[in-house]
Amino acid sequence: MRGRGTVVLGFVSAMMLDARHGLAQAPANWQTSFGVSASETKERIVALHDHILLIGVCIVALVAILIGFALLRFRASRHPTASKVTRMPWLEFGWTIAPVLVLGAIAAPSLQLLAYESDIPDAQLTIKASGHQWFWRYSYPDNGGFAYDSIMSPPASVPAGEPRLLAVDNRMVVPVGAVVRIQVTSSDVVHSFFMPALGLQIYAMPGRLNETWTRVEKPGVYYGQCNQICGLNHSFMPIAIEAMAQPDFDAWVRDAATRYPVVSAATISAQVAK
Amino acid sequence: MSTTEHRRECRSIAAWLFTTDHKAIGTLYLGFAIMAGTLGGAISGYMRLELAQPGMDYVVNGQSWNALITAHGLIMIFYMVMPALIGGFGNWFVPLMIGARDMAFPGLNSLGFWLLPLSLIMLIGSLLVGDGTGTGWSLYPPLSGIDGQPGPSVDMTILALHLAGISSVISAINFVTTILNMREDRLPLFGMPLFVWSILISSLMLLLAMPVLAAALAMLLADRNFGGAFFDPAGGGDPMLFMNLFWFFGHPEVYIMILPAFGIISQIVSRFSRRPIFGYPGMVLAMASIAALGFIVWAHHMFTVGVGFAPRAFFTLASMVIAVPTGIKVFAWIATMWGGSIRLTVPMLWALGFIIMFTVGGTTGIVLANAGADQVLHNTYYVVAHFHYVLSLGATYAIFAGFYYWFPRMTGRMFPEWVGRLHFWCFFIGTNVLFFPMHFLGLAGMPRRIADYPDGFLGWNMIASLGAVLALASTLLFLVMLAVSLRRGAPAPRDVWGPAFTHEWDDDPEMARPRGTAGVEAGA
Ligand code: HEM
Ligand SMILES: [Cu+2]
Ligand SMILES: [Cu+2]
């Protein structure tokens, strides 16, 4: 009985969170950069991106300015005789070495980020996400192995306040602050499990079990889409992750375990093989 | 029409069909590229119409959308960019620049060309039969397998690509042989114009890369039709094998397309700065190292497939290293202008547009090369923006640059200067308005290859579609100008662009026009 009550409470609080966070993270018109970051991974990705972008803008500006300047100073009307010089070893050496240094300044933080992403910390929870044409199936092997399908809400009946083509009937649910290991596979063609707000993306490959991880820092509902062309309804295969506080999550799990059928590991591997 | 005129006309059609003259074949390639480009452009106009607002309003369903984007990509790469840069300008100018009478194997040359229209017909056919090939140009199985795409479309696409591949290999063999063996006396390798170098290096890359694509396609064909299981996990195969093979071809392929563009830009920048190219040996080495490095970076297209830290770190570093030789090229172009005597002619305008826009595309390439960051950029519109900056604003600008530059040489006629400028500025503004906002869409997380998008992506998509209108309109302007100038353009003066450093300008432009059978008399 108490469980029920918490579920209702959790549901209400999730609704409120939807209003505060959920919408904020769906893509917004005229957005010119990343949306919200809800994990440290994403924050680190944004930092690296901004670092490279700054360097990139400088390079493009340098090229444009040099060309503009050359056009002003060396047009035929002002500079009728062209120089005959065609080699300047020190200059050529310089413009070979300078980019190497710049790339070094990118490579160091880049490899750090990659190591951070690749190194899966001890996970408190494992969730399996399996791509199907054209929906996702999530299962919770740590919690008795219940599994359910997550299908896009048809555009005509999108719940109020939720974005078209991103809303689903059953979201993946994770606890805030916990390290979650996500295992991704596919039962048919290649799909891609893509969740921009968490800085996550990994292919769902038939015959392979890929692994990634996340730790969601802010409660809310986060949206992504299948990101690998997968046939007829590739445009309509969204991913929605709802992050809630641990007690709400525990309540959700208890409820879900009764509502959704258990899918054994054998069933899953049979699916994967097929 | 009198009978003699009629007979002459028939003879001239036959002459075009059977010609083995390198200039005539070059012209055929260019005409073919223009037609294919128009087709690919029309498809992209339809795609931008669909994407101008949310909802699926024009395409029948997701499958036909997927088939259209596949056709668009394949047409632009295999039937527009490659035929224009390599078959078109390569055939026309490599022999002239090195003082060869013709290509080494004129008959093969003709075969190489005529395989292409056949191949394109197969590809268009694949759109018309069944449901089309709805896989994207990368053709990943199992989606491209028999369960993913039942019906004959994918098989037709595979055969079309086989034909195009054979055509490419034939012309590559021809270029390598011609350039290595048929240079006039005393023209050393390191005295060849950079355009010739670029065709030589691209051809060598084609010889290495195309067979790998052919193998992957043959295996796919076997999986689909003969019970193979190369890529089918149920039979012990692995789709990842296809990805590796495809990108082992695919990444070199992007450099196969851009190196000849580099070559053209080098000729133009040097000519209109009235100065030989700065740092010539460095330019050659840069192209050679780009080609070599191009074969060890393929997995940067596969960062999210599920590979470990070490390979991703390796491919990150290797990909970034390509920026060094690329930077050498850009700096050398600028250094050539610096101290030169610059004339901002129409070809030069396109060349400068190329340099700046290509730099933008190269920079986003560097961003994507970081596996850690690619995790949120892979397969989004950011990638679409990146490759259009290097292809639509890169390779295509170079094609237009070369076209305007050599037009007087190829036709003996001039184009109206103001139309060339108008074309440039409309195309420049149009393509930037079209493709720049795609960076924003990608950062916001919009997946590529979708026919309908969440409403939050509307704003920039609308702008992109407006840009497409301008870009396509300016292309139309180009086509009209071409039609008019071919018939009524003023005769080109003998020294159109002033003193030349290369030999393709040596003989009279009037003589250059391939007049069917007259090709033989017109030999350089
Ligand atoms: C500095 C040089 C370059 C670097 C570092 C670079 C890097 C990359 C990377 C990492 C990707 C994969 C992105 C992803 O899928 O997540 C990519 C995609 C692509 N690049 Fe580049 N690139 C460079 C230059 C070029 C050039 C010169 C071209 C062609 C002329 C080109 C054409 C493409 C194309 C067509 C794709 C998309 C392929 C697809 O998925 O369909 N790139 N590039
Ligand atoms: Cu998909
Ligand atoms: Cu690549």
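So, how was this worked out
Residues numbered from 1 in each chain as written. Chains lettered and ligands numbered in written order. Predicted model: local features only at pLDDT ≥ 70, side-chain atom pairs only at ≥ 80, totals over all residues. Heavy atoms only, no water. Core = buried A, V, L, I, M, F, W, Y, C linked by side-chain atoms within 4.5 Å. Buried < 20%, exposed > 50% of the residue type's maximum accessible area, 1.4 Å probe, protein only. Helix = DSSP H or I, 4+ residues; strand = E, 2+ residues; numbered from the N terminus. Contact = heavy atoms within 4.5 Å. Buried area = accessible area lost by both parts, 1.4 Å probe. Salt bridge = Lys/Arg side-chain N within 4 Å of Asp/Glu carboxyl O. Polar contact = N/O pair within 3.5 Å; in protein donor to acceptor, adjacent residues only side chain to side chain. Nonpolar A, V, L, I, M, F, W, Y, C, P; charged D, E, K, R; others polar. Donors = N, O, S within 2.8 Å, 3.2 Å for Na, K, Ca; no water. Expected span 1.5 Å × (residues − 1). Pairing = 2+ DSSP bridges. Axes fitted to C-alpha atoms, helices over the stretch in contact; angles between N-to-C directions.

A.B. asks: What should I look at first to understand the nonpolar core in this one?
C.D. replies: Proteins that are soluble and globular tend to have nonpolar side chains buried together. Phe193 of chain A together with Phe78, Tyr79, Phe89 and Phe354 of chain B are the most contacted members of the largest nonpolar core, which has 228 residues in total. Considering each element in turn, this core owes the most residues, 23 residues, to helix H3 (residues 62–98) of chain B. Ignoring sequence-local partners within four residues, the contact set of Tyr79 of chain B consists of Phe32, Ala33, Ala36, Leu74, Leu116, Ser119, Leu120, Leu123, Ala160 and Ala164 of chain B. Membership of the second largest hydrophobic core comes to 23 residues, among which are Leu48 and Ala107 of chain A together with Ala369 and Val383 of chain B.

A.B. asks: Looking at this structure, I do not really get the interface of chain B and chain A. What am I missing?
C.D. replies: One frequent convention defines the size of an interface as the accessible area lost when the parts assemble. Listed as interface residues are 95 residues of chain B and, on the opposing side, 85 residues of chain A. A per-residue breakdown of the area chain B buries against chain A is headed by Trp338, Gln375 and Val376 of chain B, which together make up 9% of the total. Between Asp452 of chain B and Arg164 of chain A there is a salt bridge whose closest N-O contact spans 3.1 Å. Along the contact surface separating chain B from chain A lie 30 residue pairs in polar contact (both at pLDDT 80 or more). Among the secondary structure elements, those contributing two or more residues to the side of chain B that touches chain A are H3, helix H7 (239–272), helix H9 (309–321), helix H10 (323–337), helix H11 (346–368), helix H12 (371–377), helix H14 (417–443) and helix H15 (458–488) of chain B. At nine residues, the largest contribution of residues to the side of chain B that touches chain A is made by H10 of chain B. Residue composition of the side of chain B that touches chain A, grouped by class: 58 nonpolar, 27 polar and 10 charged.

A.B. asks: For this particular structure, what's the right way to read the coordination of the copper ion (ligand 3)?
C.D. replies: Octahedral six-donor coordination of a metal ideally yields angles of 90 or 180 degrees, compared with 109.5 degrees for tetrahedral four-donor coordination. All names here are of chain B. The copper ion (ligand 3) binds to the protein through His251 (ND1), His300 (NE2) and His301 (NE2); the donor distances cover 1.8 to 2.1 Å. Between consecutive donor residues of the copper ion (ligand 3), the sequence gaps follow H-x48-H-H. The distance between the copper ion (ligand 3) and the iron atom of ligand 1 is 4.5 Å. You can call His300 buried: its relative accessible area is 17%.

A.B. asks: It is not clear to me how H11 of chain B should be interpreted in this structure. Could you clarify?
C.D. replies: With 23 residues, H11 of chain B ought to run about 33 Å at 1.5 Å a step, and its terminal C-alpha atoms sit 33 Å apart, in line with that. Most of H11 of chain B sits inside the fold, with 21 of its 23 residues counted as buried.

A.B. asks: Even after reading the chapter, I still don't get the sheet that holds strand S9 (residues 220–225) of chain A, so can you show me in this structure?
C.D. replies: Backbone hydrogen bonds are what pair the strands of a sheet, in a parallel or an antiparallel way. Residues and elements named next belong to chain A. Strand order in the open sheet made by the three strands is S4-S10-S9, with mixed pairing throughout. Two strands bound the open sheet, and with one partner strand each, they are strand S4 (172–175) and S9. Going across the sheet, the axis of each strand differs from the next one's by a mean of 25°, ignoring polarity. Where S4 lies against strand S10 (residues 238–244), four bridges are found, and the strand directions are parallel. Residue pairing for S10: Val174 is matched across the bridge by Ala243.

A.B. asks: In this structure, what is going on with the coordination of the iron atom of ligand 1? I would like to understand it.
C.D. replies: Here the protein supplies the iron atom of ligand 1 with just one donor, His386 of chain B (NE2), and that contact is 2.1 Å long. Position of His386 of chain B relative to the elements: it lies in helix H13 (residues 381–411).

A.B. asks: Sorry if this is basic, but what is going on with the sheet that holds strand S5 (residues 179–186) of chain A here?
C.D. replies: All names here are of chain A. Pairing is mixed in the open sheet, where five strands are placed in the order S3-S2-S1-S5-S8. Here the strands that pair on one side only, and so sit at the sheet edges, are strand S3 (146–150) and strand S8 (210–215). Strand-to-strand twist across the sheet, computed as the mean angle between neighbouring axes with direction ignored, equals 25°. For strand S1 (residues 125–132) and S5, the ladder comprises seven bridges, and the chain directions are parallel.

Shape descriptors only; they carry no functional weight alone.
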